[in-house]
Amino acid sequence: MADPAHRLKTSIAILGCGDVGSTLAYTLILNPICSEVILVDPKTELLNAQVRDLSDATYRGNTGTKVRAGTHKDAGQADLVVITAGAKQKAGESRLSLLSRNLHILSSIFASMSPINPHTILLLVANPVDILTYFARKLSGLPESQVIGTGTSLDSARLRGILADKADVAPNSIDAYVLGEHGDSQFVAWSSITIGTTPLHLALPNTLTPEFKSSISTHTRGAAAAIIAAKGCTAYGIGNIAASICQYILFDQRTVRPVSFYQPELGCCLSMPAVIGRKGIIRAMPVELDDTEKRELESCARGLRAIIEGATKELNADKELERALEAEG
Ligand SMILES: NC(=O)C1=CN([C@@H]2O[C@H](COP(=O)(O)OP(=O)(O)OC[C@H]3O[C@@H](n4cnc5c(N)ncnc54)[C@H](O)[C@@H]3O)[C@@H](O)[C@H]2O)C=CC1
Ligand SMILES: CC(=O)C(=O)O
């Protein structure tokens, strides 16, 4: 039987081939799920070097996945477009501090990709990912089910990791979600965590004190900053998470994960559990939150809406300036 990459003849475009984009490409070579990975980056020397280096990793095992350089226009025709293009946090910076720079990059990306394949699924990785997912939906004109942010899928993996250590079980035996913003207002949905089918309070009796919960949430929320302070970026975790989401989509796996997508009743994009498949978000999975978690969700959405409002004004002011400059000739 031919390998999956050969059978599917699918392409994944990765915009931005810095630390995250190149790690994702490498992950897609090691676990082939598509026939072609197209890398796009305005730094042409870096782009060509990444393509050569990554291609060298494809020759020994004949993984079936080819890597090539492409343009934004090529990317716009891919089956899946992963957006890692943008500035990253320096030590001590927040994800939100990247907003203005990365929103401008996002806006220019959609101008360059147009006309975009109407069946493309967009996967946003660049930060602040929830806000960029919201604007990608507007700028691309794609149906909202086709625009997804990696959101708190990485935070949830980190949460499973630390709970696995505490409970001495494998991380994949734990169902635990961080929800809301991939950022400081995220929250742990403690009330729905299970190990196997056992609720967490039974699996870890006498452990779930407010101090325990607070230390776990703080660890999860601060994981990126701690790694960035020491090595300047995070790449392997998100490379793996993004590659998994690409697989759920291309193989129509119907996997349930917390990802960022438009929440009509909250007026923003943030992470809630969803069924992920070939058409993107197949459907939201309802989640039962307790009263504290409901308040945390509302507060998180309020914060995100305020940021969206400010960013919308900035984008509109830019457009007006552009029009004024054009009119001046
Ligand atoms: N959502 C998540 O969980 C995570 C998100 N990130 C975010 O991913 C983004 C990328 O991080 P790194 O790869 O470490 O940064 P990096 O600086 O190593 O790479 C970014 C690349 O984007 C390129 N780029 C800029 N404008 C572009 C355009 N118009 N088209 C195509 N490429 C363009 C740059 O030339 C650069 O090579 C950052 O915003 C970072 O915060 C990083 C880790 C986890
Ligand atoms: C950088 C980032 O967003 C993360 O590793 O969570």
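Residues numbered from 1 in each chain as written. Chains lettered and ligands numbered in written order. Predicted model: local features only at pLDDT ≥ 70, side-chain atom pairs only at ≥ 80, totals over all residues. Heavy atoms only, no water.

**Q** How should the site of ligand 1 be read in this particular structure?
**A** The environment of ligand 1 is made up of 27 residues, and the closest members are Val20, Asp41, His72, Ala87 and Val125. Between Lys88 and ligand 1, the recorded distance is 3.1 Å, taken from a side-chain N or O atom to an oxygen atom. Here an oxygen atom of ligand 1 sits 3.1 Å away from a polar atom, N or O, in the side chain of His182. Across the complex, the protein chains shield 90% of the 870 Å² of accessible surface that ligand 1 would expose by itself. For the shell around ligand 1, the elements supplying multiple residues, two or more each, are α2 (19–30) and α5 (99–113). A per-element tally of the shell around ligand 1 places α5 first, with 3 residues. Residue composition of the shell around ligand 1, grouped by class: 13 nonpolar, 10 polar and 4 charged. (Near = heavy atom within 4 Å. Polar contact = N/O pair within 3.5 Å; in protein donor to acceptor, adjacent residues only side chain to side chain. Areas by Shrake-Rupley, 256 points an atom, 1.4 Å probe, with all protein chains shown as cover. Helix = DSSP H or I, 4+ residues; strand = E, 2+ residues; numbered from the N terminus. Nonpolar A, V, L, I, M, F, W, Y, C, P; charged D, E, K, R; others polar.)

**Q** Looking at this structure, how should I read the confidence of the model for the chain?
**A** As a general rule, the predicted coordinates of low-pLDDT regions are not to be interpreted in detail. Looking at the chain as a whole, the pLDDT averages 95, with 97% of positions reaching at least 70. Here the prediction assigns the complex a pTM of 0.96, and the interface score ipTM is 0.99. (pLDDT = per-residue confidence, 0-100.)

**Q** Looking at this structure, I do not really get the side chain of Asp79. What am I missing?
**A** Assignment of secondary structure puts Asp79 in the loop between α4 (72–75) and β4 (80–83). Here Ser11 takes part through its backbone nitrogen, which lies 2.8 Å from a polar atom of the side chain of Asp79. Among residues more than four places away in sequence, those in contact with Asp79 are Lys9, Thr10, Ser11, His119, Thr120, Ile121, Leu250 and Arg278. (Contact = heavy atoms within 4.5 Å.)

**Q** For this particular structure, what's the right way to read the site of ligand 2?
**A** Contacts to ligand 2 come from Gln89, Arg95, Asn127, Leu154, Arg158, His182, Ala224, Ile228 and Thr234. For ligand 2, an oxygen atom lies 2.8 Å from a polar atom in the side chain of Arg158. In this structure, Thr234 approaches ligand 2 through a side-chain N or O atom, which is 2.7 Å from an oxygen atom. Relative to its free-state accessible area of 220 Å², ligand 2 is covered by the protein chains to the extent of 90%. Of all elements in the fold, only α7 (153–167) and α9 (210–231) reach the threshold of two or more residues within the shell around ligand 2. In terms of residue class, the shell around ligand 2 is made up of 3 nonpolar, 4 polar and 2 charged. When residues are assigned to domains, the shell around ligand 2 turns out to be shared by domain 1 (8–149) and domain 2 (153–307), each giving three or more. (Domains from an automatic or database assignment.)

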